[in-house]
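Structural characterization, general
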Amino acid sequence: RINAERGLGFDDFDLDFYTDLFKEKLGRNPTDVECFDMGQSNSEHSRHWYFSGKMIIDGVEKPHTLFQMVKATLPKGIPNNSIIAFHDNSSSIRGYECQVLVPSSVSTAGKMEVV
């Protein structure tokens, strides 16, 4: 029920797996925190193993994983604005000097200024 109500994104395999885990092995209901943690851990964004798996299309195994193909767009040794890419679930790019909008006072309401 919490899956549909809270949009956790569990598929049928996930629901069967976690139901068995908590009901049969742990003998208790999961807490809300555990449900949300499992939902986040199983989101497609976090399933790096999925993107590193073999790709078989029409019975033919492809030479590169999806993750390898994405990473190949930023080859090492070629200058670009990527500082960190595909490292520990994060990326960072080099920015440029630009003007920013800041409050004229941080203690009271007031106008904004460009600096």
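In what follows, the accompanying structure is described.

So, the side chain of Thr 65
- Among the secondary structure elements, Thr 65 is positioned in the loop between β2 (60–61) and α5 (66–71).
- Residues within four places of Thr 65 in sequence aside, it is in contact with Phe 51, Ser 52 and Gly 53.

Regarding the packing of aromatic side chains
- This model, assessed by the stated rule, comprises three aromatic pairs.
- Each ring, one from Phe 10 and one from Tyr 18, has its centre 5.5 Å from the other, and the planes form 55 degrees; the classification is tilted. Judged on exposure class, the residue Phe 10 and its partner Tyr 18 are both buried.
- Aromatic side chains Phe 17 and Tyr 18 sit 5.2 Å apart centroid to centroid with 80 degrees between the ring planes, which places their arrangement in the edge-to-face category.
- Relative accessible area serves as the criterion here: at 45%, Phe 17 is assigned to the partly exposed category.
- Owing to a relative accessible area of 18%, Tyr 18 belongs among the buried residues under this scheme.

What counts and how
Residues numbered from 1 in each chain as written. Predicted model: local features only at pLDDT ≥ 70, side-chain atom pairs only at ≥ 80, totals over all residues. Heavy atoms only, no water. Helix = DSSP H or I, 4+ residues; strand = E, 2+ residues; numbered from the N terminus. Contact = heavy atoms within 4.5 Å. Phe/Tyr/Trp six-rings, centres within 6.5 Å; stacked < 30°, edge-to-face > 60°. Buried < 20%, exposed > 50% of the residue type's maximum accessible area, 1.4 Å probe, protein only.

Purely geometric numbers; function is a separate question.
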